[in-house]
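Below are the chains, spelled out letter by letter.
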Amino acid sequence: MKQTIAVIDYGMGNLRSVTKALEHVAPDSRVLLTSDARQIEQADKVVFPGQGAMRDCMAELTTRGLRDAVHTTATDRPFLGICIGEQMLFEHSEEFDTPGLGILPGQVKRFPSDQMVDAQGQRLKVPHMGWSEVWHSRPHPLWHGIEDGARFYFVHSYFVTTPDTALTTGESTYPNRFTCAVGRNNLFATQFHPEKSHSAGLRLLSNFVAWNGQA
Amino acid sequence: MPLAKRIIPCLDVTAGRVVKGVNFVGLQDAGDPVEIAKRYDDQGADELTFLDITASSDERDIILHIIEDVASQVFIPLTVGGGVRQVEDIRRLLNAGADKVSINTSAVTNPQLVEDAAGRFGSQCIVVAIDAKDVGTPEAPRWEVFTHGGRKATGLEAVAWAQKMQSLGAGEILLTSMDRDGTKQGFNLPLTRAVSDAVDIPVIASGGVGNLQHLTDGILLGHADAVLAASIFHYGEYTVQQAKEYMRQQGIEVRL
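Sequence positions are assigned chain by chain, starting from 1 and proceeding in written order. Going through the entries in the order they are written, you letter the chains from A and number the ligands from 1. Local features in this predicted model are restricted to residues of pLDDT 70 or higher, and side-chain atom pairs are both shown and tallied only at a pLDDT of 80 or more, whereas totals for entire chains, interfaces and linings draw on every residue. Just so you know, side-chain values use all the structure's heavy atoms and leave hydrogens and water out.

*Asks:* How do you make sense of the overall build of chain A when you look at a structure like this?
*Replies:* Across its full length, chain A holds 6 helices and 14 strands. All radius of gyration figures rest on C-alpha atoms, and the globule criterion is 2.2 Å times the number of residues raised to 0.38. In terms of C-alpha radius of gyration, chain A reaches 16 Å, essentially the compact-globule figure of 17 Å for 215 residues. With the principal axes as the frame, chain A shows a C-alpha extent of 55 × 40 × 30 Å. In chain A, which comprises 215 residues, the share counted as buried stands at 62%. Excluding contacts between residues fewer than 6 apart, the proportion of contacts in chain A whose partners are at least 24 apart in sequence is 72%. For the area figures, the Shrake-Rupley method with a 1.4 Å probe applies, and any residue is considered shielded solely by the protein chains shown. Split by element, the accessible area of chain A, about 8,300 Å² in all, is 46% carbon and sulfur. In this tally, Lys and Arg are treated as positive and Asp and Glu as negative; His is ignored, and so are the chain termini. For the purpose of locating charges, the reference atoms are NZ of Lys, CZ of Arg, CG of Asp and CD of Glu. Side chains of chain A carry 20 positive and 23 negative charges; the gap between the two charge centres is 4 Å. Segments assigned H or I by DSSP are reported as helices when at least four residues long, segments assigned E as strands when at least two residues long, and all are numbered from the N terminus. Accessibility here uses a 1.4 Å probe with only protein chains present; expressed as a share of the type maximum, an area under 20% marks a residue as buried, one over 50% as exposed, and anything in between as partly exposed. In this analysis, two residues are considered to be in contact whenever any of their non-hydrogen atoms come within 4.5 Å of each other.

*Asks:* Can you help me understand the pattern of salt bridges in this one?
*Replies:* Two side chains with opposite charge may pair up if their charged atoms get near one another. Any Lys or Arg side-chain nitrogen located within 4 Å of an Asp or Glu carboxyl oxygen qualifies as a salt bridge. Enumeration according to the criterion identifies 18 salt bridges over all chains in this entry. With a shortest N-O distance of 2.8 Å, Lys196(A) and Asp99(B) are connected by a salt bridge. Of this pair, Lys196(A) sits in the loop between β14 (187-190) and α6 (198-210) while Asp99(B) is found in the loop between α3 (87-96) and β6 (100-103), placing the two residues in two different chains. A salt bridge links Arg91(B) to Glu88(B), with the nearest nitrogen and oxygen atoms 2.8 Å apart.

*Asks:* I'm lost on the nonpolar core in this one. Help?
*Replies:* Grouped together as the largest cluster of nonpolar side chains are 80 residues, with contacts concentrated most on Leu48(B), Phe50(B), Ile90(B), Ile130(B), Ile173(B) and Leu215(B). Put simply, a nonpolar core is a bunch of buried Ala, Val, Leu, Ile, Met, Phe, Trp, Tyr and Cys residues held in one set by side-chain atoms that sit within 4.5 Å of each other. Counting 70 residues, the second-largest nonpolar core is a separate cluster that includes Met12(A), Leu80(A), Val134(A) and Tyr174(A).

*Asks:* Just checking my understanding: could you explain the pairing of β6(B) for this structure?
*Replies:* One face of the sheet, then the other: side chains in a regular strand alternate in exactly this way. Residues and elements named next belong to chain B. Side-chain alternation along β6 places Lys100 and Ser102 on one buried face and Val101 and Ile103 on a second face that is also buried. Paired strands, as defined in this entry, are two strands with at least two bridges between them according to DSSP. As paired strands, strand β5 (residues 78-81) and β6 are joined by 3 bridges and run parallel to one another. Pairing of Thr79 across the sheet is with Lys100, part of β6. Here is how to tell: hold the view so the strands point away, follow the path from the first strand over the helix to the second, and if it runs clockwise the crossover is right-handed. Running through α3, the crossover from β5 to the neighbouring parallel element β6 is right-handed. In terms of strand pairing, β6 meets strand β7 (residues 126-134) through 3 bridges, oriented parallel.

*Asks:* How should the packing of aromatic side chains be read in this particular structure?
*Replies:* For any pair of aromatic rings, the description rests on two quantities: the centre-to-centre distance and the angle between the ring planes. Geometry of aromatic contacts follows a simple scheme: Phe, Tyr and Trp rings, the Trp one being its six-membered ring, pair when their centres are within 6.5 Å, and the pair is stacked under 30 degrees between planes, edge-to-face over 60, tilted otherwise. Taken as a whole, this structure holds 14 aromatic pairs over all chains when the rule is applied. Chaining the aromatic ring pairs together yields one cluster made of Phe111(A), Trp143(A), Phe152(A), Phe154(A), Phe159(A), Tyr174(A), Phe178(A), Phe188(A) and Phe192(A). The ring of Phe146(B) carries Lys133(B) above its face, with NZ or CZ at 5.0 Å from the centroid. In this analysis the charged atom, NZ for Lys or CZ for Arg, is taken to sit over a ring once it is within 6 Å of the ring centre and within 35 degrees of the ring normal. A cation over an aromatic ring shows up here: Arg255(B) above the ring of Trp131(A), its NZ or CZ 3.7 Å from the ring centre.

*Asks:* What am I meant to see in the UniProt feature "active site" (unreviewed entry) in chain B here?
*Replies:* Residue and element names in this part refer to chain B. UniProt positions are given in the numbering used here, feature names are shortened, and annotations may be inferred rather than shown by experiment. With numbering aligned to this structure, UniProt lists the feature "active site" (unreviewed entry) at Asp12 and Asp131. Structurally, Asp12 is set in strand β1 (residues 6-14). Asp12 gets classed as buried once you look at its relative accessible area, which sits at 13%. Dropping the residues within four chain positions of it, Asp12 is found in contact with Arg17, Val18, Val19, Lys20, Leu51 and Ile53. Here Asp131 is to be found in strand β7. You can call Asp131 buried: its relative accessible area is 5%.

*Asks:* Help me out: how do you make sense of the side chain of Thr98(A) in this one?
*Replies:* Residues and elements named next belong to chain A. Tracing the chain through its elements places Thr98 in strand β6 (residues 98-99). Residue classification places Thr98 among the buried positions, given a relative accessible area of 4%. If near-sequence neighbours (up to four positions away) are discounted, Thr98 is found in contact with Met54, Arg55, Met58, His92 and Ser93.

Okay, here's the thing in structure tokens:
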């Protein structure tokens, strides 16, 4: 039977890119863009994207009654968070002082404006927008076939920090090192956008499609 | 290693074809948008920008089909602009597969649109396009914002306008020098630098690229975060790959 991959739709931002990229790498899977909690809980795998401001994303998620579905699926099956979908898994964001889902320990912080200068003294802009290198903090099935240091596409002003260093699976720099991918058991989440990151991003998505959820 | 500077090929689209003009007039056919998009993707383009230069709203839906086609085959960020007047236009473009939407004339006639769109969809997908013309002197530089494809003066000063757009929620500025567009004389560097240094959001330099040194100058001298070019890529003078290799030799960080 075809596996079903549910992409959680809570009305925020452009989810078309995520579903198109998944359909491209998983022609044999059923990719379902859905805001129905039951469909999400019945899916084999779940993708949790997000764009815009975390406060608005959390509000929509709550209004649509999808918090429980995220909690459940994030702990019991292959689950991929992307961008705000990564940030929302944590306890709290500085962005409008917003509580997150608290599935993972840690805080979402803004790039510190007083430190946004690179080694050449050039000012760095916020949002961090474009292609940055992603370094694997530890091996993970989702890194399979992806070069350590391959560039992925980012667009964000906030990033996650966690006291549980074992969670970090990938790091990038802007200009300081920051966690840009986290993993625990069946859960993996990225600050960058694999669906917009050309061959490296498609590889990560196809690794997710093939993943059994064992880290 | 720092963030890579981006190279963004630009496709001006009308009636389902990619075209290219000089100083906003005199259009020449350059090919099929989906084929061209795929070619640039293969060459390592960091993003693609589509500008719908169709005058009549009857043909407006053509761009939606083109974006749908491109978005199912090309997995890098896609920006689409041209004729964006209301939040609904933005929603339709994003649903078709655009990642960012560029607002030009309507940002001037209705700045509230920028604020509403950023609030609704997030700043990350709202690009404000500024077409600027040199109206200053060497002693007192000044650039004026034009709209309606460069036909209408607004009286607005470009640097202040860019700052205002940032404050309303724009996530990026696409800055085109009308004096240079299509001339192959290089970017207007003082304009690019003035705007880029005045805002915290990324600035894409546009208008006038004729060779690879121009791209490099846009980054190193114009302080642009990304460079946009059309004709040097459309007519096969250079590939995106060649442009990136050249920029790398000049010490610019690129994604190769």
